[in-house]
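Each chain is listed here by its residues.
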Amino acid sequence: MRSPRHFFEPLAVGAPTPLREIPFRPSRMIHFFDPSNAKMAAKLPELAKTCDVLLGNLEDAVAADKKVEAREGFVRVAREVDFKRCQLWTRVNSLDSPWFLDDVERIVAEVGDRLDVLMIPKVEGAWDIHFVDRLLALLEARHGLKRPILIHAILETALGVANVEEIAGASPRMQGLSLGPADLAASRRMKTTRVGGGHPGYIVRADPDPALPDAPRPAYQQDLWHYTLARMVDACVAQGILPYYGPFGDIRDTQACEDQFRNAFIIGCVGAWSLHPVQIKIARQVFSPPVDEVRWARRVIEAMGDGTGAVMLDGKMQDDATVKQCRVMVGLAQMLARDDAELSAAYGFDPPAGAER
Ligand code: GLV
Ligand code: MG
């Protein structure tokens, strides 16, 4: 293990110094686009106004004969489009693929200064992060980059889940983790062909009623992803990085998508992927703290004064711990409201200077 004394030293001569803190910027939705698709690329300036993160996808869902086109398309849009406040990420191909090396070399060389985060799929252990960490340092040094590129890993193999704590803490570049339910299901040999969400067969059935043993017994669908999501959130928070839910594949089922996103939000995730414009709206709504909760949390904070002791508010006990819960809610609301006048007004905050949306 690397000594804590050396953890924040650059891994190549001339590479920028790693960050001590991961910037916590709005990232409620990581909206995927295919950079090989010129029609999609033309919509990016408009999309950038409504998204926290736009991600050029080079990996799965891009056909093998479109990989180079997607890479070059990404370089082009990164150079030409003004993303304003929206972050620009890319998902490169997996480390063992024939495209990974060229993806990273070309993108860092051409548009490394415009890239916020590099998403790495199918990360299995700290060794994968260490490899990317050193490679990025060498490329940053070669191309004179001033700001370190951050790494986001997808948790989508059984081995990755087994090693999630060490992945989250493998490098100061680690920005966050996303749960990838499709690849993870395949890797674990789960028997679902869906991308995220529930499964009608994954249930718990109520006991029979002894008085009516033949009466129908209610059954309740369980959450297939709860264990992984909870474990991932703990691993991320313990290492000071950000957890995200990944894709929800049934674009038409907006209700189940909203439920999946909300479960992730409540359990601690800061955002989710969006695969279609309809999911951008869902993510924006779900990953912004609800107005009534924020207003309530502000009342608690005010009533708790210096944050110690206990008070009763509307019949509910408040103490040092509940005020911390409320600060989480209000802190997130304030961060999001900084660039969002509408949200700011809904929360009852003073209007932010220069807000546009
Ligand atoms: C995402 O990449 C997934 O496999 O779910
Ligand atoms: Mg995947």
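The coordinates are above.
Residues numbered from 1 in each chain as written. Chains lettered and ligands numbered in written order. Predicted model: local features only at pLDDT ≥ 70, side-chain atom pairs only at ≥ 80, totals over all residues. Heavy atoms only, no water.

Another aspect to go through is the site of ligand 1. Around ligand 1, a shell composed of Arg 91, Glu 156, Gly 180, Pro 181, Ala 182, Asp 183, Pro 247 and Trp 273 is seen. In this structure, an oxygen atom belonging to ligand 1 sits 3.1 Å away from a main-chain N or O atom of Pro 181. A distance of 2.8 Å is found between an oxygen atom of ligand 1 and a backbone nitrogen or oxygen belonging to Ala 182. Given that more than half its atoms are within 2 Å of the pocket grid, ligand 1 belongs to the second largest pocket. Broken down by element, the residue count for the shell around ligand 1 peaks at three residues, all from helix H8 (residues 181-188). For the shell around ligand 1, the class distribution of residues is four nonpolar, one polar and three charged. (Near = heavy atom within 4 Å. Polar contact = N/O pair within 3.5 Å; in protein donor to acceptor, adjacent residues only side chain to side chain. 1 Å grid on protein atoms, 1.4 Å probe; cavity = no way out; pocket = protein on both sides within 12 Å on 5 of 7 lines; lining within 4 Å. Sits in = over half its atoms within 2 Å of the grid points. Helix = DSSP H or I, 4+ residues; strand = E, 2+ residues; numbered from the N terminus. Nonpolar A, V, L, I, M, F, W, Y, C, P; charged D, E, K, R; others polar.)

To continue, consider the coordination of the magnesium ion (ligand 2). Coordination of the magnesium ion (ligand 2) by the protein is provided by Glu 156 (OE) and Asp 183 (OD), with metal-donor distances spanning 2.1 to 2.2 Å. One end of the pair, Glu 156, is in the loop between strand E5 (150-155) and helix H6 (158-162); the other, Asp 183, is in helix H8, and 27 residues separate them in sequence. The class for Glu 156 is buried, based on a relative accessible area of 3%. (Donors = N, O, S within 2.8 Å, 3.2 Å for Na, K, Ca; no water. Buried < 20%, exposed > 50% of the residue type's maximum accessible area, 1.4 Å probe, protein only.)

With that out of the way, let us pick up empty space enclosed by the protein. Tallied over the full model, the rule gives two cavities of 30 Å³ or more. Residue lining of the largest cavity: 15 residues in total, with Glu 9, Leu 11, Pro 18, Asp 133 and Arg 173 positioned closest to the centre. Partitioning the lining of the largest cavity into residue classes produces nine nonpolar, one polar and five charged. As a volume, the second largest cavity reaches approximately 60 Å³. (Points joined across faces, edges and corners; volume = space filled by probe spheres on them.)

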